Amino acid sequence: MSRVRASSAPAPKGLKRPVKVCVRVRPVLEREVENGCYHGCIAMAHERVYISTEDKPVLIGSKDDPPPEGVKVYPGFDGLLDQDSSQEDCFQVAGRETVDGVLWGLNGALMAYGQTSTGKTHTMVGDKSRPGLCLKAAAHLFSEAGLLGSQIEVTASFLQLYLNHITDLLVKDGHEKKLKLREVVEEDFVDTRVEGLSSRPVKSMDDVEALLEEGNRRRQQACTALNASSSRSHAVLILNVTLWQGTEEENATDAKLYLVDLAGSERVKDSCATGDRLTEAVHINKSLFALQGVVAALADGNPFVPYRNDPLTQLLRPALGGNCCTTLVATVSPAQKHSRESEGTLNFASSCRRIKGEVFVNSVRKPRPWEEKPKEEPTKTEEPECPWASLAALDAASVMESQMLDTAHGQIHVLTCGPADGEAVLLLHGCPSDAWTWKWLFPPLLYSKYRAIAIDMPGFGSSPGTRLGSRSELNNAKGGPLDICCAVLDALGVQKANVVGYDWGAGIALSMALLRKTRVNKIVPFHPSYSPPKGENLGVMPVPVLVLWVKEDQFHNLTKWRKHFQALPSSKRELEVYSLGSRWKPGMSLGSDPQLGPQLQRRILAFLAGEVAAPVAGALEKRLEAKAATAAGQLVVHAQNVVVADALADAGDVAKQLREVADPTLAAVQQFKELWSAGRLAALYAQRLTGSSASSAALFGALPEMSPEALSDPNILVNLGLWSQAPEGWERMRHTPRYCVGRKVLVRQKVIFKPSDSDFMCVSSSGADRTTSKAELKGKSKENADTWLVEVTEAGGSRRMAEVPKAEVLRLNQRHDLAKNGKHVLLEDGLKCDYSSPLCRAKLCEIALALSPVVKNLDFNTADGGEAVQLKALEVIRKCLDIITFQKGLDRGRSCATCDDVAKMACHGQGHCHTVSSTMAAFLFPFAQVLGLDVKYRGGYSWGGVNMGEPADETVEVADSPERHQWLEVTLRPSLQSYVCDLWVADAVGNDALKWPISEAYQNRLYPNGSFNIGQQSCPEEATDLDLPEL
């Protein structure tokens, strides 16, 4: 029989190259699903396969984007079959061209390769309801021959390679006879034949189906942890096809079709193989390793190919490097847990694509159908030119106006461009740098008719003066960056601006949005150098924020800064991360990079305009989820790790949703609320006190930290889901004065100091120097602003004006700030409070939830300023504290004075007045600002019994020392009414002692000595605190 080179005759349509490679993803298996969901590692788009090598979601903007870290891309496969593909789809994509080639006289091979349990046998053999490539190939041979009017003769052989031995699957007890391979050297290639292999004629697909059933009954299969019916041998079905067209013998073609079901590779620790199964796994992996070596040699064009390293490679020699048109179906699992094996399969498949060879048509002059056509150069899709490109080509100095502005803080140099009535964009440089660093952003802002304003900070660029410090806590210093920015806006007549900053400038932008929010629309911090100082809480960010980052920049660490990004309200924040790869160089101008620059320009403009940005490749915070079905038909959730944006209809919206950071704090709060509603907190606290529950520690530790500094705004609690709404009129209340005409204050005067005297605490020249509450503010002295005038009560009931030092009034009446040592707040008797501890977080969250229904009724705009609701809040907080006094005897099951953790005291404690007052202080101070409370920790003298109705001891004389009692004093804003909150007395007489007017408490039972007994300090005076007339 003669052979002619295929190139000498026309080629059948569709046959492209010697080895064709398709990838098939099987449906997920039940064992790969956890809690109804699995993480998918495979994405198919643009004739490419993307696989995530790490279990984290990532976004790929378009096919032209470089793959992000943790993703590998495999382009150029001939067919891609996803989980929903049918057996017919598989045949049409992977099998039909090869079978058509057999009809033209070309040898063909269909092979399935992949990890065990990825569906190779299903692909090749299938079942009666879903026939695989073997049966569909046979059916196609017979049907096409009939359509061509040709006579066809087919004989079939079926063998397996098990433990390196070839046996015949069509012979009874054939496994006992080991068959030998023999190489046959043809004119242009080397063929391999199996001596003694039987063959049977087949005339229909039914004959082939019966033959497969018979052979598969003899094939070695076993159960492993990865597959209940794992193939333990390589199986090859060989169809010898002779086709006559017409009556002339020389018109016949003779070709072979190899249908190969390779046993799957497996990791022994996953399959749990032992004994015989382990021996089988070793031989399977060894033979597949040899196969990989042969494919690598063929792909690299090596002159020596190690076919003889293993019987498998010898057997498949005609299919790989001989006269054969081969198609490989690489089968992979969609689950991330098997991504390593899937990656190995795709590497092997990619190598197969590079195999080159010549194919001959038997006895018929036909073209070489598998000859590869010259590759067409891919048309490069050029990045569309930015519409402001013509402006970018101009000299920046020609479009920018340089000005020196006279401000209250000295001369400041600025660069401006754009219409005077355009929306302002304030550009803030890093440290060290100057305004010209923004020249790459001038053209797009000018084109979009924004008014760009770039500042040279003092001492930088062309601005004279001393350089400002770049630390975040100095941003709001007098004459600092925020004052400079506002002064520049005022000088240019701009009320409100968008702010774009880099490094130091980005930190200034964040501070400006928090502290000068009436001057800011939106901010774009690029590589922010910023750590929130005291008084700046990112959780109450009032304006939209777009954070920009280039991940290769070694001087700006996104991992460290991400906690600050997550502190921003989820509805206000956006994060865009870019990658420069090897293009990144220290000191480079990121905005001037020809690829990155236009991306930054478009993204900033889209954010300022409120548009949905085009997706950019990079890490995602969430996975794209869709409904899917397992191989058994069970509905599950497919959570995809690799998302190709431009393959989606609504790419921008999807990318934005997937980039939204899942806030673990909000999730923890929601879980905590459910436990609180179910009444399960007491049991969890008990577990934490005994250290018996790690799960509660994890939950409590994920809750928000609520220190007095952190709770600077009630909207923080609303954003956390702990309060349903903020108090009405809170912003107005916080700017009301603390010292105005008519307020009752404590002052030091000579007073009568015996409680038994009817003029107790009244001013008397014969009295002793003590602290009295019988004083009322009237004004301040015209001659000396540091002297205030108060009206005091004299013995006998008369009233007169007295001059008192302003500093003394503030010392005795200003709210307190508790002492700290590192992260610990220091209290009485060695007690400490760590607001970051899990138990403290939990107790504060419990109090916040209990306060929520009370706060709904708190309206600072009412006539009494919400006084009744504020007093109710004190009762609610006290109720949440599981601490009692020693008045009812010692309870040894409770934390007592030997414990120094105030959080444990709050969960199940006992103590004297010092302990209960310290515990109440620790958990009241964080809520003081949001409830409008000025809290002071008091110490002093007490007399009489515990009960408020008991008569006083006639012999007592109050003194500043010794100190016999401690309590809290609370001044309500805006009413400025003051109350004693005494837990010791309340434990005996009830909640009236939690809201005890000082006019009663300091007259009948308590004397405040005014000392700072636990190291506390008076808070500094604020600008709005004073509203006193001059007298």
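Note that the structure is predicted; figures quoted are calculated from it, not measured.

K.L.:
What should I look at first to understand the overall build of the chain in this one?
P.N.:
Secondary structure assignment for the chain yields 29 helices and 51 strands. Within the chain, the fraction of its 1031 residues that count as buried is 54%. Across the chain, contacts joining residues at least 24 apart in sequence account for 70% of those joining residues at least 6 apart. Surface summary for the chain: the accessible area is close to 43600 Å², and the carbon and sulfur share equals 49%.

K.L.:
Would you take a moment to explain the packing of helix 25 (residues 867-880) against helix 27 (residues 913-931) for this structure?
P.N.:
Helices that pack against each other are described as a pair by the angle of their axes relative to one another and the distance between those axes. The interhelical angle for the contact between helix 25 and helix 27, taken along N-to-C directions, is 150°, at an axis separation of 11 Å. As helix 25 runs across helix 27, the sense of the crossing is right-handed. Here Q870, A873, L874, I877 and R878 of helix 25 lie close against helix 27, whose contacting residues are M920, F923, L924 and L931. Its residues assigned to classes, the contact of helix 25 with helix 27 comprises seven nonpolar, one polar and one charged.

K.L.:
Looking at this model, I keep getting lost on the pattern of salt bridges. Mind explaining?
P.N.:
A side chain with one charge may pair with a side chain of the opposite charge, provided their charged atoms come close. Scanning all chains against the criterion turns up 44 salt bridges. One salt bridge connects R738 with D1025, and the closest N-O pair in it is separated by 2.8 Å. Here D1025 lies in the loop between strand 50 (1017-1018) and strand 51 (1026-1027) and R738 lies in the loop between helix 22 (730-733) and strand 33 (739-740), a separation of 287 residues in the sequence. Since its relative accessible area comes to 3%, R738 is described here as buried. Looking at D1025, the relative accessible area reads 0%, which means it is buried.

K.L.:
Before we go on, may I ask you to explain the sheet that holds strand 3 (residues 37-40) in this structure?
P.N.:
Neighbouring strands of a sheet are bound in pairs by backbone hydrogen bonds; such pairs are parallel or else antiparallel. With mixed pairing, three strands are arranged side by side in an open sheet as 3-31-30. The strands lining the two open edges of the sheet, one partner per strand, are strand 3 and strand 30 (624-629). The sheet shows a mean angle of 35° between the axes of neighbouring strands, direction not considered. Here strand 3 pairs with strand 31 (residues 635-640) via four bridges, running parallel. If you follow C37 over to strand 31, its bridge partner there is V637.

K.L.:
Can you walk me through the UniProt feature "binding site: ATP" (unreviewed entry) in the chain in this structure?
P.N.:
Within the UniProt annotation, "binding site: ATP" (unreviewed entry) is assigned to G114, Q115, T116, S117, T118, G119, K120 and T121. Tracing the sequence through the fold places T116 in the loop between strand 9 (108-114) and helix 2 (120-124). On the basis of relative accessibility, which here comes to 2%, the residue T116 falls in the buried class. In this structure, G119 is in contact with R26 and T331, ignoring residues within four places of it in sequence.

K.L.:
Hey, could you run me through the sheet that holds strand 4 (residues 42-45) in this one?
P.N.:
If you walk across this open sheet you meet the three strands as 4-5-7, and the pairing is antiparallel. Of all the strands in the sheet, the pair left with one neighbour each is strand 4 and strand 7 (71-75). Strand-to-strand, the axes of this sheet are offset by a mean angle of 20°, without reference to chain direction. One ladder, built from four bridges, connects strand 4 with strand 5 (residues 48-52); its direction is antiparallel. Pairing of A43 across the sheet is with Y50, part of strand 5.

K.L.:
I would appreciate a short explanation of unusual backbone geometry in the present structure.
P.N.:
Most peptide bonds adopt trans geometry, and most residues besides glycine take a negative phi value. Geometrically, the link from S961 to P962 is a cis peptide bond, its omega value of 5° lying close to zero. Within the secondary structure, P962 sits in the loop between strand 45 (933-942) and strand 46 (965-972). Along the chain, R973 connects to P974 via a cis peptide bond; the corresponding omega equals 10°. Along the chain, the position of P974 falls in the loop between strand 46 and strand 47 (978-981). Phi is positive for N35, which is not a glycine, with a value near 55°.

K.L.:
Any chance you could explain empty space enclosed by the protein here in plain terms?
P.N.:
If a probe as big as a water molecule is rolled over the atoms, it shows which places are left empty. Taken as a whole, this structure holds five cavities of 30 Å³ or more when the rule is applied. Put simply, the second largest cavity is a space of about 60 Å³. Lining of the second largest cavity is provided by 10 residues; of these, L161, L163, H234, H283 and I284 occupy positions nearest its centre. Contributions of two or more residues to the lining of the second largest cavity are made by strand 10 (151-162) and helix 6 (276-300). The element best represented in the lining of the second largest cavity is helix 6, accounting for three residues.

K.L.:
I tried to follow the nonpolar core on my own but got confused; where do I start?
P.N.:
The nonpolar side chains of a soluble globular protein tend to be buried, and buried together. Counting 90 residues, the largest nonpolar core has L722, W723, L851, F923, F927 and L931 as its most contacted members. In this structure, Y113, A263, L328 and L346 belong to the second largest nonpolar core, which totals 48 residues.

K.L.:
Can you walk me through the pairing of strand 25 (residues 497-502) in this structure?
P.N.:
One face of the sheet, then the other: side chains in a regular strand alternate in exactly this way. With respect to burial, strand 25 is a largely interior element, five of its six residues being buried. Pairing of strand 23 (residues 424-428) with strand 25 involves five bridges; the strand directions are parallel. Residue pairing for strand 25: L428 is matched across the bridge by G501. In the sheet, strand 25 pairs with strand 26 (residues 520-526) via five bridges, with the strands oriented parallel. Across the sheet, V500 pairs through a bridge with V524, a residue of strand 26. Taken together, strand 25, helix 14 (residues 504-515) and strand 26 form a β-α-β motif whose crossover is right-handed.

K.L.:
Please explain the environment of P481 as it appears in this structure.
P.N.:
As for its placement among the helices and strands, P481 is situated in helix 13 (residues 481-491). Accessibility expressed as a relative area gives 1% for P481, which makes it buried. Spatially, the C-alpha atom of P481 lies 6.8 Å from that of I508, the residues being 27 residues apart in sequence. Not counting the four nearest positions on each side in its chain, P481 is found in contact with M457, L468, L474, N475, W504 and I508.

K.L.:
I keep staring at the confidence of the model for the chain and nothing clicks. Help me out?
P.N.:
Low-pLDDT stretches of the model should not have their predicted coordinates read in fine detail. Per-chain confidence: the chain averages 84 in pLDDT, with 86% of residues scoring 70 or above. For the chain, the element scoring lowest by mean pLDDT is strand 1 (residues 3-5), at 34; strand 47 scores highest, at 97. Segment residues 1-16 is flagged for pLDDT under 50; beyond a separation of four residues in sequence, or across chains, it makes 55 contacts in the model. Between residues 364-383, whose pLDDT stays under 50, and residues either more than four places distant or in other chains, the model counts 54 contacts.

K.L.:
Explain the environment of G493 here, please?
P.N.:
In this structure, G493 sits in the loop between helix 13 and strand 25. In this structure G493 comes out as exposed when scored by relative accessible area, which is 65%. With 73 residues separating them along the chain, G493 and A420 place their C-alpha atoms 9.3 Å apart.

K.L.:
Would you explain the side chain of Q910 in this entry?
P.N.:
Its location among the elements puts Q910 in strand 44 (residues 909-911). Judged by relative accessible area, Q910 falls into the buried class, the value being 0%. Of note is the side chain of Q910, whose polar atom sits 3.2 Å from the backbone oxygen of T885. A distance of 2.7 Å separates the side chain of Q910 from the backbone nitrogen of D891, its partner in a polar contact.

K.L.:
Mind showing me how you'd approach the side chain of E776 here?
P.N.:
Residue position: E776 is located in strand 36 (residues 775-780). You can call E776 buried: its relative accessible area is 14%. Within the structure, E776 has its side chain in polar contact with the side chain of K778 (distance 3.1 Å).

Scoring rules and cut-offs
- Residues numbered from 1 in each chain as written.
- Predicted model: local features only at pLDDT ≥ 70, side-chain atom pairs only at ≥ 80, totals over all residues.
- Heavy atoms only, no water.
- Helix = DSSP H or I, 4+ residues; strand = E, 2+ residues; numbered from the N terminus.
- Buried < 20%, exposed > 50% of the residue type's maximum accessible area, 1.4 Å probe, protein only.
- Contact = heavy atoms within 4.5 Å.
- Areas by Shrake-Rupley, 256 points an atom, 1.4 Å probe, with all protein chains shown as cover.
- Axes fitted to C-alpha atoms, helices over the stretch in contact; angles between N-to-C directions.
- Left-handed = near helix turned anticlockwise from the far one by under 90°.
- Nonpolar A, V, L, I, M, F, W, Y, C, P; charged D, E, K, R; others polar.
- Salt bridge = Lys/Arg side-chain N within 4 Å of Asp/Glu carboxyl O.
- Pairing = 2+ DSSP bridges.
- UniProt positions renumbered as here; feature names shortened; annotations may be inferred.
- 1 Å grid on protein atoms, 1.4 Å probe; cavity = no way out; pocket = protein on both sides within 12 Å on 5 of 7 lines; lining within 4 Å.
- Points joined across faces, edges and corners; volume = space filled by probe spheres on them.
- Core = buried A, V, L, I, M, F, W, Y, C linked by side-chain atoms within 4.5 Å.
- Right-handed = clockwise from strand over helix to strand, strands pointing away.
- pLDDT = per-residue confidence, 0-100.
- Polar contact = N/O pair within 3.5 Å; in protein donor to acceptor, adjacent residues only side chain to side chain.

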